[in-house]
Amino acid sequence: MSRNNFDETMERLNKYYEKMPTQSSSADIMANIKKKKKRNWSWARSYQRWQVAALVVLMLGIGYVLGASQLSGSNESASPIDSAADQAPMESMSIMMAEEEAEDQEAVGENRTLESFTSEEETKWIQLVDEEGMDDEKLVRRLEIEGLSFTTYYDHEFELEHVTNEQGQSIKVFANYGQGRVEPVLFEVHKFADSNSYDQAVEAYKTMMIESGYIEVETNNFFETIGVPGQGVEEFMFEKDGVYAHVVPVEHVDGYYFLRTSSFSIGNTEMIEFSEGFGRELKVILDEFSWVY
């Protein structure tokens, strides 16, 4: 080896020696190794994050495609159902309108109303004796109808029905003890529209009762025993399915008023329990009865 070559070799070795790490302790050497590993691990984790993100985007794309396909199928299958559902209310409305029209045609010439009272209607407390002979009090409501020249009071919980037609008008009071209307009528007043003679009015009333399914029977003078408000002419009695209708025509200045109440035969086991209550309530109505003019 020549002198020049030897010098060049020594110079390169000297440079390599200067570039060698200066750490001499084992701790420094290990720290340097960990630092390199940490740098490599950070790059690997960054790469994994990109893989996960790409996978999520791919899954969302697949889910959107599948969801859109199912939604399209659901809309197509639901269309007939929606159409039927839209048609159902219209069909129901048409049926209801047809039924109402039929009812209106049946009720031509008659107006039947169930009176709905407000707080403006007059009420008062009255004293009476109950079924056990004890003093009691009752809240009653005033009854006065335009075209009928009388007033009276009845239990405020009872039902009132006003019927008008070409023949005349009727006012009916039905008992109600908290379980719905009790039929037959507790008290009724009927007045014919035409100023017929007495015989004509009686004949018309009897025809009306027969058409309602009643038959005339011999009277037991029921009204005579309890008293009649006014000039009673004579008394009639009708029977239907164990129910008696007691009727008395009362002559007044504007015509004849037919007063009616109900009682029950002993064999009518379903209604006999109401007999005592009907009698007591009828007494209240007749005691409070007065003519307007």
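Residues numbered from 1 in each chain as written. Predicted model: local features only at pLDDT ≥ 70, side-chain atom pairs only at ≥ 80, totals over all residues. Heavy atoms only, no water.

## Some thoughts on the nonpolar core
Put simply, the test is: The criterion is simple. A nonpolar core is a set of buried Ala, Val, Leu, Ile, Met, Phe, Trp, Tyr and Cys residues joined through side-chain atoms within 4.5 Å. Think of it in three bands: with a 1.4 Å probe and only protein chains considered, a residue is buried below 20% of the maximum accessible area for its type, exposed above 50%, and partly exposed in between. Residue contacts are defined here by distance: any two heavy atoms, one from each residue, within 4.5 Å place the two residues in contact.
Grouped together as the largest cluster of nonpolar side chains are 41 residues, with contacts concentrated most on Leu143, Phe150, Ile171, Val173, Phe187, Phe258 and Leu259. With sequence-adjacent residues up to four places away left out, Leu143 is seen in contact with Phe150, Thr151, Thr152, Tyr154, Leu160, Ile171 and Val173. Ranked by size, the runner-up nonpolar core spans five residues in total, among them Ile126, Leu128, Val140 and Val284.

## Describing the pattern of salt bridges
Just so we agree on the cut-off: Every case where a carboxyl oxygen of Asp or Glu lies within 4 Å of a side-chain nitrogen of Lys or Arg is listed as a salt bridge. Helix and strand definitions here come from DSSP, where helices need a minimum of 4 consecutive H or I residues and strands a minimum of 2 consecutive E residues; each element is numbered from the N-terminal end.
Summed over all chains, the structure comprises 11 salt bridges. The salt bridge involving Lys124 is made with Glu288; its shortest N-O contact spans 2.9 Å. One end of the pair, Lys124, is in strand S2 (residues 123–129); the other, Glu288, is in the loop between helix H5 (275–287) and strand S13 (290–291), and 164 residues separate them in sequence. Given a relative accessible area of 29%, Lys124 falls into the partly exposed group.

## Some points on the sheet that holds strand S4 (residues 150–155)
Put simply, the rule reads: In this scheme, strands are said to pair when DSSP sees at least two bridges between them. A fitted line through C-alpha atoms represents every axis, and for helices the fit uses only the stretch in contact; the resulting angles, taken between N-to-C directions, go from 0 to 180 degrees.
Sheet architecture is open: four strands sit in the order S2-S3-S4-S13, paired in antiparallel fashion. Across the chains shown, the open sheet's two edge strands, defined by having one partner strand only, are S2 and S13. Note that strand S3 (residues 135–144) and S4 share five bridges and pair antiparallel. In the sheet register, Leu143 faces S4, and the bridge partner there is Thr152. Sitting on the sheet, H5 touches S2, S3 and S4, and the angle it makes with S4 is about 145°.

## Considerations on the layout of surface pockets
Put simply, the rule is: Think of a 1 Å grid over just the protein atoms. A cavity is a set of points where a 1.4 Å probe fits yet cannot get out, a pocket is an open set with protein on both sides within 12 Å along at least five of seven lines, and lining residues have an atom within 4 Å of a point. Grid points are joined across faces, edges and corners, and a volume is the space filled by probe spheres set on the points. Three residue categories are used. Nonpolar comprises Ala, Val, Leu, Ile, Met, Phe, Trp, Tyr, Cys and Pro, charged comprises Asp, Glu, Lys and Arg, and polar comprises the others, including Gly.
Empty space within the largest pocket amounts to approximately 620 Å³. Considering the residues around the largest pocket, the lining is formed by 30 residues, among which Lys172, Glu188, Met209, Ser212 and Arg260 are closest to the centre. Residue assignment for the lining of the largest pocket shows that the elements contributing at least two residues are strand S1 (110–114), strand S5 (159–165), strand S6 (168–176), strand S7 (181–192) and helix H3 (198–211). For the lining of the largest pocket, the element with the most residues is S7, which contributes seven residues. Classifying every residue of the lining of the largest pocket gives 11 nonpolar, eight polar and 11 charged. Residue lining of the second largest pocket: 16 residues in total, with Phe222, Ile226, Gly279, Leu282 and Lys283 positioned closest to the centre. Where the lining of the second largest pocket is concerned, the elements lending two or more residues are helix H4 (222–226), strand S12 (255–264) and H5. Looking at the lining of the second largest pocket, its residues break down into eight nonpolar, six polar and two charged.

## Details of the confidence of the model for the chain
Formally: In predicted models, pLDDT denotes the confidence assigned by the predictor to each residue on a 0 to 100 scale.
Scored by pLDDT, the chain comes out at a mean of 77, with 60% of its residues at no less than 70. Low pLDDT, under 50, characterises residues 36–45; the predicted model gives this stretch zero contacts beyond four residues in sequence or across chains. Ignoring residues within four places in sequence, the model shows residues 77–85, a span with pLDDT below 50, making zero contacts including any to other chains.

## Here we look at the pairing of S6
The element S6 is extensively covered by neighbouring structure, given that nine of its nine residues are classed as buried. Here S5 runs beside S6; their pairing, made up of six bridges, is antiparallel. By the bridge assignment for S6, His162 is matched with Ile171. The pairing of S6 with S7 spans eight bridges and is antiparallel. Across the sheet, the residue bridging to Ile171 is Val189, located in S7. Turn length for the S6-S7 hairpin, with the two strands adjacent in sequence and antiparallel, is four residues, and the turn residue Gly178 shows positive phi of about 100°.

## Overview of the pairing of S12
Buried residues dominate S12, accounting for nine of its 10 residues. Here strand S11 (residues 243–252) pairs with S12 via 10 bridges, running antiparallel. Counted as the bridge partner of Ala245 is Ser262 from S12.

## Examining a nonpolar patch on the surface
Selection rule: In this analysis, a patch consists of residues with relative accessible area above 30% that form no salt bridge, clustered at 9 Å for like charges and at 5 Å for the nonpolar side chains Val, Leu, Ile, Met, Phe, Trp and Tyr. For every accessible area listed, the method is Shrake-Rupley and the probe measures 1.4 Å; residues are considered covered only by the protein chains on display.
Where nonpolar side chains cluster on the molecular surface, the patch consists of Val253, Val292 and Tyr293 and spans about 340 Å² of accessible area. Here Val253 is to be found in the loop between S11 and S12.

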